[in-house]
Structures are given as C-alpha cells and as structure tokens.
Amino acid sequence: MEPKFWQERWARNQIGFHLPEVNPYLLRHWPTLGLADGAKVLVPLCGKSLDLIWLASLEYSVLCVELSEQAVEAFFSEQSLTPHIRQHGAFKVYQSGLIEVWCGDFFALDASAVNDCTALYDRAALIALPPLMRARYTEHLNSLLRPGCKGLLITLDYDQTQKVGPPFAVTDEEVRVLLGARWDLAVLEERDILSESWKAMQDGVTRLEERAYRLDKA
C-alpha cells in the first residue's frame, strides 16, 4: 500500500475511519495507564482525530504523525487553530500549543524525534496497514520507543475473506506475535460491534470485534 492510496482517500473524502467524536475506548481506558503529568504521547497516523484535542486538554504533549497534508490542514482549520509551521528533515511540522503534527512518512521518523515520548496511542495505525506493513510498523515502533513506555492500542477483528480492508482485520494472535516479544499486553475490553456497523453488515461481514489493549514496553 503506497502513500498515494491514502492521499487519494483524503482527496476523495473517503474517510469513514474518521470518528466525529472522541474515541470511547480512549475516554474509558487512557486514565488507567497512570501516566505522569505532562507526558508526551506519540500518535501515529493521526488523521484529523478529535482524540488529539482531548489528550491536549489533559495537558499531555501530543506528537502526531500523518502522511496526508490535507488531513493535517483540515485538523487545524476545523479546530480553529493557527499552527506554527517549520521544516524538520523530510517532515513539515505543524504546532499549536501542546499539539505537534509531523506531516510525512511515519517510517522516516527517527528515534531522536520521539526520545521524550513515554506513551503511545494507536487507534487507526495498525489496522490501516496490510500484513507486511504491519510487521514493518511494529518493528519501527519498537526501535523508536524506550522501555517503560505505556500505550493504548485499539484493533478490529473480522473474517478478512468477507471484506477487503482497510481497516484491516488484526487478530489477537497477530497482535501478540507482532508486539508480544517487546511489550506486555493486556486486553482491557473486547466488544462485538457488528450491530453498530451497517456498512460492515452491508459488505457481508458476519463478525466484527473491537479490542482495546494496554501496552507496557519491557
């Protein structure tokens, strides 16, 4: 899956993955991580999520990465924020208050950019990527984030033969294969949401589960 795919999705406004509210798993489970006041949170593939505003409202510093410049500009415009913009290597960095969005390829991010991040929030990154890229993504995360980092991961699980992603199905077994060697994992919540997704039912999906994980990097 090339960057052009996501650029075109945003250009055509095919952004069904965008939630028009703060993610309920974030509201329920983020406080249980016990992060230090003012901790810095890495949010990969952030889109124009309202979750960023919620995290900043709790005085967390939020470092986000997003490939689509259209998504980044839409975020600041819709939130009535005027960002300071600077160039940092391959990234165009937008900053307003506690929110910093690095516009560019997540895989180009180096550890020096996130060496003060002690938390991770992944609501739409892992499930946005096909299998080989998921492995590359988690390897890169492992290289970026230090031991002691805590995080919240949200996944979708369904029969991938019934529907073409994204969002892609990521099983509990795959999460443990991808992250289990470097992170302690705990399922915080698991819900069958098929009845809440008319689009999935319309596409012929017969099972749709969301899982929220707590991550602790060893």
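Values in this document were obtained by computation on a predicted structure and should not be read as measured data.

The element strand 6 (residues 117-122) is largely enclosed, with a buried count of five among its six residues. By the bridge criterion, three bridges tie strand 1 (residues 40-44) to strand 6 in an arrangement that is parallel. Within strand 6, the position partnered with L42 by the bridge is L120. Inspection of the sheet shows strand 6 paired to strand 7 (residues 150-157) by four bridges, in the parallel sense. Residue pairing for strand 7: L120 is matched across the bridge by G151. In this fold, strand 6 hands off to helix 5 (residues 131-144), which returns the chain to strand 7; that crossover is right-handed.

On to the confidence of the model for the protein chain. The pLDDT averaged across the protein chain works out to 92; a share of 91% of its residues lies at or above 70. Low pLDDT (under 50) marks residues 14-18, which in the prediction has 11 contacts with non-local residues, meaning those over four places away or in another chain.

Conventions we followed
- Residues numbered from 1 in each chain as written.
- Predicted model: local features only at pLDDT ≥ 70, side-chain atom pairs only at ≥ 80, totals over all residues.
- Heavy atoms only, no water.
- Buried < 20%, exposed > 50% of the residue type's maximum accessible area, 1.4 Å probe, protein only.
- Helix = DSSP H or I, 4+ residues; strand = E, 2+ residues; numbered from the N terminus.
- Pairing = 2+ DSSP bridges.
- Right-handed = clockwise from strand over helix to strand, strands pointing away.
- pLDDT = per-residue confidence, 0-100.
- Contact = heavy atoms within 4.5 Å.

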